[in-house]
Amino acid sequence: MRIGDVARRSGVSARMLRHYESLGLVRPTGRTGSGYREYSGEDIRRIFHIESLRSLGLSLREVGSALDDPGFAPAELVEDLVRGTRERIAAETALLTRLLRIGAAEPADWEEVLQIVGLLHGLGSESAGRRQRAALSSGEESAVPVEALVEAALTETDPHVAGALRWALAQPGGGAALPLLAEGLRSPTAEVRERAVEALAEITGDEATALLHEALGDTDPVVRGHAAVALGARGADEAVPALVDMVVAATNDVDAADVLAALAARPGRADGIAAGLVARLAAAGDDPAVRRRLAQALADIPGDTASRALESLARDEDRAVALTATYVRSLRERA
């Protein structure tokens, strides 16, 4: 079969067949009387083998090795191809994500496109300072897509950068971030859920508050604690049990005590909050550190229930607990 017939039947151009021949990948077994290349059935099968291997991403050099080297290890090469393909897919996915985000921002001109690209690069920089500057400038130079801000906020480990990202998300129009932060709340990773709660804490409105209520039932105590502090600051009584738990467990107990005091200052709430703290005294058993923290938390809770509990704690067998309660009582008497 001559080269033109092979090209038509195989779909491989005559020019490519000549290239294969120049590389030694295919050697026509004969020539016609007129000197034309003559391909045998075996030659054609080899051409199809070459095309099959090329379709897997092999280079022509690798194709030659695969076909002619008896010691060729296909498993190792396939593993390399899988790794390279995954890297290309990751790179293409990242590019697609960036393009979608730029499109979502609806840039008015190429200058704005370049500004958005610059900010996106800034958010992904290895430099914490550059990430922070990108977050802080996100509402000034050009609108950074909210998806990029939320993704950055849910993965950021530097506290200063994280604060800047939360600030950016809480700017007017921050409601667009809520569905994405809700997804963060359902992440299997506790650290991601914690960052989602911290971001929600800085966004006002009923929808953000509802998501914080959802986080109040989280299995992770740190996530629950952040949600409780945020909800307590918004006046939600449902946060009280979790705040009391934080005092007992010494998990951000100072902030928890401050929020309990603020809630107790509202009409009709003081005795109920004090009762919740007092109930934990009995459960504290022989742990004086817990009783001391409870005494400190009772310090700013007004009302008779808190006063009676502090009077009892002033006679505690542990000297540190007794001194704490005595000091707290003296402050209350002066107030």
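No experiment lies behind these values; they were computed from the predicted model shown. (Residues numbered from 1 in each chain as written. Predicted model: local features only at pLDDT ≥ 70, side-chain atom pairs only at ≥ 80, totals over all residues. Heavy atoms only, no water.)

(A) Highlighting the overall build of the protein. Scanning the protein from N- to C-terminus turns up 19 helices and two strands. In summary, the protein has a C-alpha radius of gyration of 34 Å against a globular reference of 20 Å for 335 residues, an excess of more than 25%. Summarising its shape, the C-alpha atoms of the protein cover approximately 120 × 50 × 30 Å along the three principal directions. In the protein, which comprises 335 residues, the proportion classed as buried is 39%. For the protein, the share of sequence-separated contacts (at least 6 apart) that also reach a separation of at least 24 residues comes to 52%. (Helix = DSSP H or I, 4+ residues; strand = E, 2+ residues; numbered from the N terminus. Rg over C-alpha atoms; globule rule 2.2 N^0.38 Å. Buried < 20%, exposed > 50% of the residue type's maximum accessible area, 1.4 Å probe, protein only. Contact = heavy atoms within 4.5 Å.)

(B) Summary view of the pattern of salt bridges. Counted under the stated rule, the structure contains 14 salt bridges. Residues glutamate 51 and arginine 54 are paired through a salt bridge, measuring 3.8 Å at the closest nitrogen-oxygen approach. Placement of the pair is glutamate 51 and arginine 54 together in helix H3 (residues 41-55), with a separation of three residues, close to one helical turn. What you see here is one network of salt bridges that share partners, running through Arg166, Glu198 and Glu202. (Salt bridge = Lys/Arg side-chain N within 4 Å of Asp/Glu carboxyl O.)

(C) The arrangement of the environment of isoleucine 3 in detail. Following the sequence through the fold, isoleucine 3 ends up in helix H1 (residues 3-10). What makes isoleucine 3 buried here is its relative accessible area of 13%. In this structure the C-alpha to C-alpha distance between isoleucine 3 and tyrosine 39, which are 36 residues apart in sequence, comes to 7.1 Å. In this structure, isoleucine 3 is in contact with Ala14, Leu17, Arg18, Arg37 and Tyr39, ignoring residues within four places of it in sequence.

(D) A look at the nonpolar core. In terms of nonpolar packing, the biggest core is built from 77 residues, with Leu243, Leu260 and Ile301 touching the most fellow members. With sequence-adjacent residues up to four places away left out, isoleucine 301 is seen in contact with Leu260, Ala261, Ala264, Ala270, Ile273, Ala274, Leu277, Ala306 and Arg332. Counting 17 residues, the second-largest nonpolar core is a separate cluster that includes Val6, Ile44, Ile50 and Leu53. (Core = buried A, V, L, I, M, F, W, Y, C linked by side-chain atoms within 4.5 Å.)

(E) Up close: the side chain of serine 137. Within the secondary structure layout, serine 137 lies in the loop between helix H7 (128-136) and helix H8 (146-155). Residue serine 137 is classed as buried on the basis of its relative accessible area, which comes to 10%. Of note is the side chain of serine 137, whose polar atom sits 2.8 Å from the backbone oxygen of arginine 133. (Polar contact = N/O pair within 3.5 Å; in protein donor to acceptor, adjacent residues only side chain to side chain.)

(F) Seen up close, the packing of helix H16 (residues 270-284) against helix H18 (residues 304-313). Running from N to C, H16 and H18 point in directions that differ by 25°, and their axes come no closer than 8 Å. By the angle between their directions, the pair H16 and H18 is classed as roughly parallel. In this structure, the crossing between H16 and H18 has a hand that is left-handed. Only Asp304, Thr305, Ala306, Ala309 and Leu313 of H18 make contact with H16, whose side of the interface consists of Asp271, Ala274, Ala275, Val278 and Leu281. (Axes fitted to C-alpha atoms, helices over the stretch in contact; angles between N-to-C directions. Parallel < 35°, antiparallel > 145°, perpendicular 65-115°, else oblique. Left-handed = near helix turned anticlockwise from the far one by under 90°.)

(G) Quick look at the side chain of arginine 195. Along the chain, arginine 195 falls in helix H11 (residues 190-201). Although arginine 195 lies buried, it forms no salt bridge, and the closest oppositely charged side chain, glutamate 198, sits 6.0 Å away as judged by the N-O distance. For arginine 195, the contacting residues outside a window of four places in its chain are Ala153, Leu154, Thr155, Glu156 and Thr157. (Lys, Arg positive; Asp, Glu negative; His and termini not counted.)

(H) View of H16. The first and last C-alpha atoms of H16 sit 21 Å apart over 15 residues, in line with the 21 Å expected at 1.5 Å per residue. Taken together, the buried positions of H16 are Ala270, Ile273, Ala274, Leu277, Leu281 and Ala284. Burial along H16 is one-sided: seen end-on, the buried residues are contained in an arc of 100°. Facing away from the buried side of H16 by over 90 degrees, the exposed positions are Gly272, Ala282 and Ala283. Buried residues belonging to H16 abut helix H14 (240-249), helix H15 (253-264), helix H17 (288-298) and H18. (Expected span 1.5 Å × (residues − 1). Arc of directions from axis to C-beta.)

(I) Molecular detail of the confidence of the model for the protein. Residues with a pLDDT of 70 or more make up 92% of the protein, whose mean pLDDT is 86. Of all secondary-structure elements in the protein, the lowest mean pLDDT belongs to strand S1 (residues 30-31), at 72, while H11 reaches the highest, 97. (pLDDT = per-residue confidence, 0-100.)

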